Amino acid sequence: MSATLLIEQLINGLQLGTMLFLMASGLTLVFGVMGLINLAHGSFYMVGAYVTALTTASTGSFLLGLAAGSLAAAAAGAVVEVLVIRRLYQRSHLDQVLATFALILIFSEGTRWLFGSSPLWLSPPDWLSGSVALPGGARYPVYRLMIIAVGVLIAAGLYLLISHTRLGMRIRAGESDREMIGALGIDIRRLYTLVFALGAALAGLAGSLVGALQSVQVGMGEPVLILAFVVIVIGGIGSIKGALLGAILVGVVDTLGRIFLPALFGHFMSPSEAAGVGTALAAMLIYILMAVILAFKPQGLFAAHD
Amino acid sequence: MNKLTRAGLGLLMTTAVATAQAEEVRIGMITTLSGGGSHLGVDVRDGFMLAIDQAARDDIEVLIQDDARRPDLAKTLSNEFMQRDEVDIMTGIIWSNLAMAVVPSVVRQGTFYLSPNAGPSALAGRLCHENYFNVAYQNDNLHGAMGAYMREQGFERPLLMAPNYPAGTDALAGFKHLYEGEVVDELYTQLGQTDYAAEIAQIRASDADSLFFFLPGGMGISFMKQWQNSGVEMPVFGAAFSFDEIIIQAVGQAAIGAINTSEWAHDLDNAANRAFVEAFREAHERTPTLYAAQGYDTARLILSALDEAHPDDQDAFREALRAADFASVRGDFRFGPNQHPIQDIYVREVVEGADGKPTNRLVGLAIEDIQDVYAEQCRM
């Protein structure tokens, strides 16, 4: 196992982590502020990717596509919040899960009905394709480095937004005491719509960025959603800081586990057995990590409501 | 009340019609028309129905149901087809795990099943049955052919990659069976995985001289796009499942240069194939995939056998199927003793087509008259 491979895998883990952070930050905000479990978060991821693919195909500009994807996801989020989610805040978590699961089905079938089930085509633009040399000689795709940069920028932006603006103050107030902030004369309904749309926009951005790397198709959001839930449970539900740390932890552990576990088992097993056992264990690794963390910190690393 | 009477009358009438056409042949198709990988089912259906429409016979009724890639649903649908609709022939299943859930009980109960795609090893060997015909391939065929081809082309250190599930491990086993040499490493990914950065880094760090992978559906699309941007220079090989016309359109330029094995190619030069590709393009405004070709061949095999006998005359109909007396779009086609094809496997390369979009081009023959290794386990 050479040092270059290790460095490259660490960057891969970081890249997966920043992408997960974009998903998880919206999810954790919505849960922290409104107390809502939103399973349909992955649908906004898909909406972002589809709109980006379509806009990029028709205008030829990837940046325009990215902007359109995030905005469309935000718009979809706002509409869904006003039409459906608003009625769920007072309901039990089970009702929320049922309703947002229905939203997943509606979004997926709607998308299939509109665009068919074959994947759409979306690739990174020419100026972001190709690879650069890393210290140590390995080459790394420019596009993945860009995703890391975007993730870092968004994390910094969110930090500034939450800790240094009036909106952020209201979000934090909403997290600690929902009734009180309403009593203070703040339009809580508008705040909720805004937070929900912000979360949806971040998910849409994640979907757009990843869509160019993977494939833009119906149901692309759900696997990521599961990881995002793991992230916010590890990080502490409602905490942006927790989401960031949890995302990077999950990203790095998952990536390194996938590579090093099969190699580890290879020392005392036949190659095909080692691959089988190692891969199976690697798939479980982040859930084991989650279980261990919850055993010691039942509220997650940074509980919002301590 | 009035409504109910009318409904009752309607029901009576349909029963009457059904009795009147006692000689009618009913074909039940269970295939994947929604969810992940539904383009396979759509193409099997479109290819199949093209042949049925071309035949223009009024004594054939085809019932089509969507299994959504769920084994339990496929099982329920097959029971409905057998008990309620009393179909004579069943076909359509794409995925091997669904085929394993459905086929054994269908053929045991005396219904014919013709597979237009799935070819799990058990049905070719231990569980083979006189009423089961596979018109596509045994699953190992295309992978094994690629093993033989890469050996012949002088690659000495291939690295293999597949998802960690039965068809994935079978694919690599099939490859190694005919490659007959050392492989550098075998990477197993998770089924449905979309990010391959970790695997690509590992491939880069290895000293392999070539990559063979089996990543069907969306997995292959994601991998090829990431592979192109990784800067790793290594020839890429796979079976046609990762390089059908629909997948390479979604992959785009990244697919160019990939070599893949298939039992059929849209530019294969024979009269039946030329007519098929032209008719399919006209009807659906796209180039058919191998799945469409398999659906078409399945329907034409059924039609050829129906000219000889009705499925109610089981022995005669079975003999007619075994004879495989139809012009396959693959050229030569015949059944082995386990009623799986013995056929040539071709090599195709993904090239830039006339319209600038990637398409497959026939390069040559990978292996002649390949037969699966499970035939000897079959006692019929």
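Keep in mind the model is a prediction, meaning the values are calculated, not measured.

Thresholds applied
- Residues numbered from 1 in each chain as written.
- Chains lettered and ligands numbered in written order.
- Predicted model: local features only at pLDDT ≥ 70, side-chain atom pairs only at ≥ 80, totals over all residues.
- Helix = DSSP H or I, 4+ residues; strand = E, 2+ residues; numbered from the N terminus.
- Rg over C-alpha atoms; globule rule 2.2 N^0.38 Å.
- Buried ≥ 20, exposed ≤ 12 C-beta atoms within 10 Å, placed from the backbone.
- Contact = placed C-beta atoms within 7 Å.
- Core = buried A, V, L, I, M, F, W, Y, C linked by C-beta atoms within 7 Å.
- Domains from an automatic or database assignment.
- pLDDT = per-residue confidence, 0-100.
- Axes fitted to C-alpha atoms, helices over the stretch in contact; angles between N-to-C directions.
- Parallel < 35°, antiparallel > 145°, perpendicular 65-115°, else oblique.
- Left-handed = near helix turned anticlockwise from the far one by under 90°.
- Nonpolar A, V, L, I, M, F, W, Y, C, P; charged D, E, K, R; others polar.

Caption draft 1: Structural detail: the overall build of chain A. The number of helices and strands found in chain A is 11 helices and 2 strands. Reading chain A from its N terminus to its C terminus gives the helix and strand order α-α-α-α-β-β-α-α-α-α-α-α-α. For 306 residues, the compact-globule estimate of 2.2 N^0.38 gives 19 Å, and the C-alpha radius of gyration of chain A, at 20 Å, lies within 12% of that figure. The dimensions of chain A, computed from C-alpha atoms along their principal axes, are 65 × 50 × 35 Å. Burial status across chain A gives 50% buried among its 306 residues.

Caption draft 2: Broad picture of the interface of chain B and chain A. Taken together, the contact pairs 29 residues of chain B with 38 residues of chain A. Secondary structure elements with two or more residues in the side of chain B that touches chain A: helix 2 (38-55), strand 7 (185-189), helix 8 (197-205), helix 9 (218-229) and helix 10 (245-251) of chain B.

Caption draft 3: Spatial organisation of the nonpolar core. With 118 residues, the main nonpolar core has Ile93, Met146, Leu211 and Tyr296 of chain B as its most contacted residues. There are two domains that each give this core at least three residues, and those are domain 1 (2-139 + 269-343) and domain 2 (140-264 + 345-376) of chain B. Not counting the four nearest positions on each side in its chain, leucine 211 of chain B is found in contact with Leu159, Met161, Ile203, Met234, Val236 and Phe237 of chain B. Core analysis: the second largest hydrophobic core is formed by 81 residues, Tyr50, Ile171, Ala197 and Leu225 of chain A among them.

Caption draft 4: Representation of the domain arrangement of chain B in the model. Residue and element names in this part refer to chain B. The domain architecture assigned to chain B consists of domain 1 (2-139 + 269-343) and domain 2 (140-264 + 345-376). Centre-to-centre separation of domain 1 and domain 2, based on C-alpha positions: 29 Å. Listed per partner, the contact involves 23 residues of domain 1 and 23 residues of domain 2. When residues of the side of domain 1 that touches domain 2 are traced back to their parent elements, those giving at least two are helix 5 (121-124), helix 12 (290-306) and strand 12 (341-352).

Caption draft 5: Representation of the confidence of the model for chain A. Of all residues in chain A, 98% attain a pLDDT of 70 or more, and the chain-wide mean is 89. Ranking the elements of chain A by mean pLDDT puts helix 7 (residues 178-183) of chain A last with 81 and helix 3 (residues 62-83) of chain A first with 96.

Caption draft 6: Seen up close, the confidence of the model for chain B. Residue and element names in this part refer to chain B. Averaged over every residue, the pLDDT of chain B is 89; residues scoring 70 or more account for 94%. In this model, residues 11-22 is a region of pLDDT below 50 whose contacts with residues beyond four sequence positions or in other chains number 0 contacts. Two numbers describe this predicted complex: its pTM, 0.78, and its ipTM, 0.78.

Caption draft 7: The packing of helix 1 (residues 3-34) of chain A against helix 8 (residues 188-211) of chain A, seen in detail. Residue and element names in this part refer to chain A. In contact at an axis separation of 8 Å, helix 1 and helix 8 are set at 165 degrees when each is read in the N-to-C sense. One way to sum up the angle between helix 1 and helix 8 is to call them roughly antiparallel. Every pair of crossing elements has a handedness; the one defined by helix 1 and helix 8 is left-handed. Listed contacts from helix 8 to Met19, Leu22, Met23, Ser25, Gly26, Leu27, Leu29, Val30, Val33 and Met34 of helix 1 are Tyr192, Val195, Phe196, Leu198, Gly199, Ala200, Leu202, Ala203, Leu205, Ala206, Leu209 and Val210. In terms of residue class, the contact of helix 1 with helix 8 is built from 19 nonpolar, 3 polar and no charged.

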